[in-house]
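# What the coordinates show
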Amino acid sequence: MSQTAKKDEASGGNGRYWWRKPDEAKCTHPQPKPGDICTHCGEGKLAFDGLFILACDRCQQIADSGGFT
Ligand SMILES: [Zn+2]
């Protein structure tokens, strides 16, 4: 397939992507951790419950961003 080569050429042809910073962080989401102040109510602290879900001990807002949908 020549389509792949053409696409590579459009991006500079040398395989380097100048718009990507090498020190760019993969994950920019600050991971909530136990002891953090709840971002929801701003008063409670985050702590793991019995199911290892990181939640606020005051408003019970789940702070874990581990992919629960
Ligand atoms: Zn809270």
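Read on for a plain summary of the structure. This structure is a prediction, so every number in the text was calculated from the model and none was measured. (Residues numbered from 1 in each chain as written. Predicted model: local features only at pLDDT ≥ 70, side-chain atom pairs only at ≥ 80, totals over all residues.)

## Digging into the nonpolar core
Here is the rule we go by: As used here, a nonpolar core is made of buried Ala, Val, Leu, Ile, Met, Phe, Trp, Tyr and Cys residues. They are joined through C-beta atoms within 7 Å. With C-beta atoms placed from the backbone, a residue is labelled by how many other C-beta atoms lie within 10 Å of its own: buried for 20 or more, exposed for 12 or fewer, partly exposed between the two. What counts as a contact is two residues whose backbone-derived C-beta atoms lie within 7 Å of each other.
In terms of nonpolar packing, the biggest core is built from 5 residues, these being C38, L46, A55, C56 and A63. Apart from residues lying up to four places away in sequence, A63 is in contact with P32, C38, T39, L46, L54, A55 and C56.

## Some thoughts on the environment of K33
Put simply, the test is: Strands are runs of DSSP state E lasting at least 2 residues, helices are runs of H or I lasting at least 4, and numbering of each runs from the N terminus.
Mapped onto the secondary structure, K33 falls in the loop between α1 (3-10) and β1 (46-48). With 11 C-beta atoms packed within 10 Å, K33 lands in the exposed category. Distance from K33 to D64, taken between C-alpha atoms, is 8.1 Å for residues 31 residues apart in sequence.

## Looking at the environment of L54
Inspection of the secondary structure puts L54 in strand β2 (residues 54-56). Looking at L54, the number of C-beta atoms within 10 Å reads 19, which means it is partly exposed. Spatially, the C-alpha atoms of L54 and G35 are 9.9 Å apart, while their sequence positions differ by 19 residues. Not counting chain neighbours up to four residues away, the residues in contact with L54 comprise P32, P34, L46, F48, I62, A63 and D64.

## Things to note about the environment of Q31
Locating Q31 in the fold gives a position in the loop between α1 and β1. Spatially, the C-alpha atom of Q31 lies 7.8 Å from that of D64, the residues being 33 residues apart in sequence.

## Examining unusual backbone geometry
One non-glycine residue with positive phi stands out, namely F52, at about 60 degrees. Structurally, F52 can be placed in the loop between β1 and β2. Overall, the presence of 8 C-beta atoms within 10 Å leaves F52 in the exposed class. One non-glycine residue, Q60, lies in the positive phi region at around 65 degrees.

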